Amino acid sequence: MSDTERLPQPDLADIDLVTVLQALGDPVRMNLLLSYADNAEHSCDPHGLGLDHLHKSTVSHHMRVLREAGVTTTRVAGRNRFVSLRRTDLDTRFPGLLDALLAAATS
């Protein structure tokens, strides 16, 4: 897949721990992390993410924050966008971080 099919995101070496933690400091974004933890691609539809109570632009903002922090990647397919967790990149950059965050969020 070419880079032109992905929205801009930081390179692996540019993912910063403080930025990642700030991005995940919001309850909505933490909820999105839990949704993305299945390692599948997800549509940006708020209903499919359990975010029916939020306006679509608010959900888009939260997704952008996660992508710009390096937590997720967004694939473009025509007018559609599909988001997935950058698990391998985050595990490489910060070993054990995602596992600890996911364990804490589900306990």
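As shown above, the structure is provided for reference.
Caption draft 1: Broad picture of the pairing of strand 2 (residues 72-77). The pairing of strand 2 with strand 3 (residues 80-85) spans six bridges and is antiparallel. Looking at the pairing, T74 lines up with V83 of strand 3. Connecting strand 2 to the antiparallel partner strand 3 that follows it, the hairpin turn spans two residues, and G78 within it adopts a positive phi of roughly 65°.

Caption draft 2: Up close: the sheet that holds strand 2. On the basis of which strands lie adjacent, the open sheet formed by three strands has the order 1-3-2 and antiparallel pairing. For this open sheet the edge positions go to strand 1 (42-43) and strand 2, each flanked by a neighbour on one side alone. Bridging between strand 1 and strand 3 involves two bridges; their strand directions are antiparallel. Looking at the pairing, H42 lines up with V83 of strand 3. Contacts from helix 2 (residues 27-36) reach strand 1, strand 2 and strand 3, with the element oriented near 85° to strand 3.

Caption draft 3: Region of interest: the packing of helix 2 against helix 3 (residues 56-69). In contact at an axis separation of 10 Å, helix 2 and helix 3 are set at 70° when each is read in the N-to-C sense. In terms of orientation, helix 2 lies roughly perpendicular with respect to helix 3. Here helix 2 contributes V28, R29, L32 and Y36 to the contact with helix 3, which in turn contributes H61, H62, M63, V65 and L66. In terms of residue class, the contact of helix 2 with helix 3 is built from six nonpolar, two polar and one charged.

Caption draft 4: Representation of the side chain of S84. Along the chain, the position of S84 falls in strand 3. Setting aside residues no more than four positions away along its own chain, S84 makes contact with A40, E41, V71, T72 and T73.

Caption draft 5: Expanded view of the nonpolar core. Among the nonpolar cores identified, the biggest contains 25 residues, and V20, L24, L33, Y36, V71 and L90 are the most heavily contacted of them. If sequence neighbours within four positions are ignored, Y36 has contacts with H42, L49, M63, L66, T72, V83 and L85.

Caption draft 6: Layout of the environment of H47. Relative to the helices and strands, H47 is located in the loop between strand 1 and helix 3. The class of H47 is exposed, set by a relative accessible area of 54%.

Caption draft 7: Geometry of the pattern of salt bridges. Per the counting criterion, the structure on display carries five salt bridges. Between D91 and R87 there is a salt bridge; the shortest N-O distance is 3.3 Å. Of this pair, D91 and R87 both sit in helix 4 (residues 87-93), four residues apart, which is roughly one turn of the helix. When salt bridges with common partners are traced through the structure, they connect R87, D91 and D99 into a single cluster.

About the criteria used
Residues numbered from 1 in each chain as written. Predicted model: local features only at pLDDT ≥ 70, side-chain atom pairs only at ≥ 80, totals over all residues. Heavy atoms only, no water. Pairing = 2+ DSSP bridges. Helix = DSSP H or I, 4+ residues; strand = E, 2+ residues; numbered from the N terminus. Contact = heavy atoms within 4.5 Å. Axes fitted to C-alpha atoms, helices over the stretch in contact; angles between N-to-C directions. Parallel < 35°, antiparallel > 145°, perpendicular 65-115°, else oblique. Nonpolar A, V, L, I, M, F, W, Y, C, P; charged D, E, K, R; others polar. Core = buried A, V, L, I, M, F, W, Y, C linked by side-chain atoms within 4.5 Å. Buried < 20%, exposed > 50% of the residue type's maximum accessible area, 1.4 Å probe, protein only. Salt bridge = Lys/Arg side-chain N within 4 Å of Asp/Glu carboxyl O.

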